[in-house]
Each structure stands twice: as structure tokens, then as C-alpha cells.
Amino acid sequence: MRITKRGLVLSTTALAISSVAITGFGLRFSQSQAFFQDSPKEIIDEVWQVVNRNYVDGTFNGEDWREVRSEYLDKQYKDKEEAYTAIREMLKKLNDPYTRFMNPEEFKSMQIDTSGELTGIGIQISKDEKTQEIVVISPIEGTPAFKAGIVSKDIIREIDGKSTKGMELNDAVSLIRGKPNTSVTILIERDGKTLNFNITRATIEIHPVKARIDTDSKLGKVDYVRLVQFSGNAAAEMKQAIIQGEKDNVAGYILDLRSNPGGLLYSSVEIARMFIDEGKIVTTVDRVGEVDAHTANNTALTKKPVVVIVDGGSASASEILSGALQDHKRATIVGTQTFGKGLVQSVRGLGDGSGMAVTIAKYLTPDGRDINKHGITPDVIYELTDADKEVLMKDREKVGTIEDAQFKKAMEILTQQVAKK
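So, here's what we can say about the structure. Quantities reported herein were computed from a predicted structural model and do not represent experimental measurements. Throughout, residues of each chain are indexed from 1 in the direction in which the sequence is written. Per-residue local features are limited, in this predicted model, to residues with pLDDT of at least 70; the limit for side-chain atom pairs, both in listing and counting, is 80 or more; totals at the level of whole chains, interfaces and linings are taken over all residues. Computation of side-chain values covers all heavy atoms of the structure but excludes hydrogens and water.

### Let's talk about unusual backbone geometry
For the record, the criterion: Put simply, DSSP marks the helices as runs of H or I at least four residues long and the strands as runs of E at least two long, and each gets a number from the N terminus on. Relative accessible area decides the class of each residue, using a 1.4 Å probe on protein chains only: under 20% of the type maximum gives buried, over 50% gives exposed, and in between gives partly exposed.
Within the chain, Asn-249 stands out as a residue other than glycine whose phi angle is a positive 55°. Here Asn-249 lies in the loop between α8 (234-247) and β15 (252-256). Residue Asn-249 is classed as exposed on the basis of its relative accessible area of 57%. For Asn-298, which is not glycine, the phi torsion reads 60° and is therefore positive. If you trace the backbone, Asn-298 turns up in the loop between β17 (291-295) and β18 (306-310).

Take a look at the structure:
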């Protein structure tokens, strides 16, 4: 994450988050707010200019972006609310769920809190580009949504009785978000069936790394590390987990990135450096082809074998880390295809106190693979059966145990790797 004159770059922020919001970033320009209040067209033009200068795709989804400007500035708007509606309509033309507008209230309440404390139910959601459905990327482990049984790829059909058909992503986020100890009812469609969840919102303190040392009869000691989010303290907690593993002379590591929706770019890079000694980790490429490469710096903490578990809820920073480990042949990736979110957003305040997120670049793995819409294909594809899923849904404490079929498969692969070594 870096702050520039043009805004806050959230290199791996994952979409709109019902439980995560931006704090300490309400850019306000008091002297200009009255001007924007009286001239709604000015905020439309400001949004247009941001997209024109920075949007990742110079073709603007095939739109004549200059013509779009003329179209919307030729109209009359009686107040800023009409202007906001026009802005959202204008941004829809990009067909990019990550480039979005937030009115002042939405922008103020949207927190991206890297300290690890979140407010809400703990899910990240997206709008499917093809179906226009509101879809769960993943619940964050340990949160009310996770405990209730919300899973990746769930389709949200209703929020407190309101249909999400045709609903904007920001509106869905606003309905789901709320004060701690209040509840929200969500109607989910999963595998053709509908499920109703009544979930109590909470203030959630998340420790992103959960680690333990297991002893296996064949392997000896194994360090199991579950990383649930790439927050600001994830790298420090991961470092401690690896140091403890090395101190205990473990045979290898199982890194669990399932349902990890991503987070901060620098966090994924720092963690990759703990396993990779040299070479590229990830590059970001903007629309004019300028490349910003992040590399290893000879500070790896271990050379022991690593197996990484991923699934459809592993997104963004999870894909950067697993892609780097895979390209360097530093780890074996097991599980199912990851989400496929490889775009960089810049979040910025606008002149009247509103804000927007705009996609400004894309990620490439060390071998030049484009993550977006493709994701990471595991080296060993291992799907959970319905019976396997039922075991974990009934008792979340079994995730990462021998009763977890994907974890068991990861242990088998690690055993083979250690034997070869």
C-alpha cells in the first residue's frame, strides 16, 4: 500500500468488503465543497478525469471515453444525487466491478483497516461480470459469516428481504454492513438450493496467522500455518511461525490459503521473501506498459519443502504468493482453481467528500502469467466431495486436521517431497 498525490493505492484489495472499510482516509476539501454542491457536473468531470488518466485498459472497454464525457456533461442535474446516479451509470460502461463510486457517506464508512480490526460480518463480495449476481468471494475465518457457514461462490439473493437483482455492489455492501450486535438476514443460493442465514454483526479482531507444530509418524514435525488475510501484521506473524518451525526443526511446511481473500501487496511480497531467496515475486503493469517489479532479497527463512492449499476463495494476494511459489518451483500447490483477481485499485477522495476506486494496473506472476479471471491452477487438483464439505461445515475446528481431506492430501504430498529430499 502506498499513498500518492492521486490517492491510496491498495494493490491487492479484494473488491467491496462488507466488513472492511477505509478509516482515516476521508479526504475533504472544505473550500471546494460548496462549489461542487452548486455544480454537480464538476464531480462528474472529476470522476471522468480520474478514469481517463489512470484506468488500466486504454480502450475503456471499447467505449469512446471522450464521447462519454460529452454525453454526461451535456445533461442537466438538479442536485448532486442525480450526478451520483449519472456517475455510477457512466462507470458501468467499463464493465469493471472493481472501479466504483462511493457517495460521501459510503466513502466515510468504507474502512480498510490494516491494524487487523474489522466491523461487520466478515465477508468479501463481488458482482459477477456475466451474471451480474452478488457473489461471495470468501468469508474471513473466525468471523460471524464464517461461523454461520457462508462459503465462497455463494450467491446472495436477498439482504433483509430485499432482492439483490439489479442491485449495485455498493448498495449490497451498505445493507450488509452495520453496527456490532445488530443482525442481518441473508438469503443464499448454493448449488441450486436456497439457504437463509441470520447473522449478528460484530467488531472482529483478526490475527491473520494461525500456526501449530504437528508430529507425524512418517514425517516427524510439520509446521501447519493457516493464513486468513494479508493484513498489515500478517508478515510479522508469519515470520514468527517460520522461526518457530525452524527452531523445532520441522521437516516441512503446509501453508493453508483457502478462503483467503487477499489484502495488501507488500504483505504478500514480504511473505514470499520468507520462502524465496532470489528472483521476481510479482510485477504490476499499467496501461502504458510501465512495470513495477517486486523481487526477493536473499532473506529466505527456510529451504524446507512447502505445500500450499488453495481453493476458489483464495484471491488476490493469495494468488500472488501461490503463483510466485509455483513459478519458482518452491512449493507444490494443491486444491482447486483460485478466484482469479489480479487487478490493482487506487482508492481516492473526490472534491465533495465522495470517493472512488479505479483499477490502475494488473499483476503478473514471475513467469509472466496474468492472474486476472484465470487464477492459479494447482499442481495437484484435489476437490472436496460433498461428504468432505459436510464434515468441515458441521465442525469448522476440523479445518486443517486429518479429517480435512485437502489437508490430508497435502500431508501425503509433503511426505513424498521429504522422502525425495
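Resuming the write-up.
### Looking at the packing of aromatic side chains
Defined as follows: For Phe, Tyr and Trp, where Trp contributes only its six-membered ring, two rings pair if their centres lie within 6.5 Å, and the inter-plane angle classes them as stacked under 30 degrees, edge-to-face over 60, or tilted in between.
Going through the model one piece at a time under the given rule, you end up with six aromatic pairs. Relative to Phe-101, the ring of Tyr-84 has its centre 5.0 Å away and its plane inclined at 45°; by these criteria the two rings are tilted. With a gap of 17 residues between them, Tyr-84 in helix α4 (residues 80-92) and Phe-101 in strand β4 (residues 100-102) connect regions that are remote in the sequence. Accessibility classification places Tyr-84 together with Phe-101 in one group, the buried group. Plain terms: the ring middles of Tyr-224 and Phe-407 are 5.2 Å apart, the flat faces sit at 90° to each other, and that makes the pair edge-to-face.

### Some details on the pattern of salt bridges
Rule in force here: Basic side-chain nitrogens of Lys or Arg form a salt bridge, by our definition, when they fall within 4 Å of a carboxyl oxygen of Asp or Glu.
Using the criterion set out here, one finds 16 salt bridges in the structure. Between Glu-270 and Arg-273 there is a salt bridge whose closest N-O contact spans 2.7 Å. Pair noted here: Glu-270 and Arg-273 are both in helix α9 (residues 265-273), with a separation of three residues, about one helical turn. Judged by its relative accessible area of 34%, Glu-270 is partly exposed. Taken together, the shared-partner salt bridges in this structure form one network comprising Arg-226, Asp-256, Arg-258 and Asp-404.

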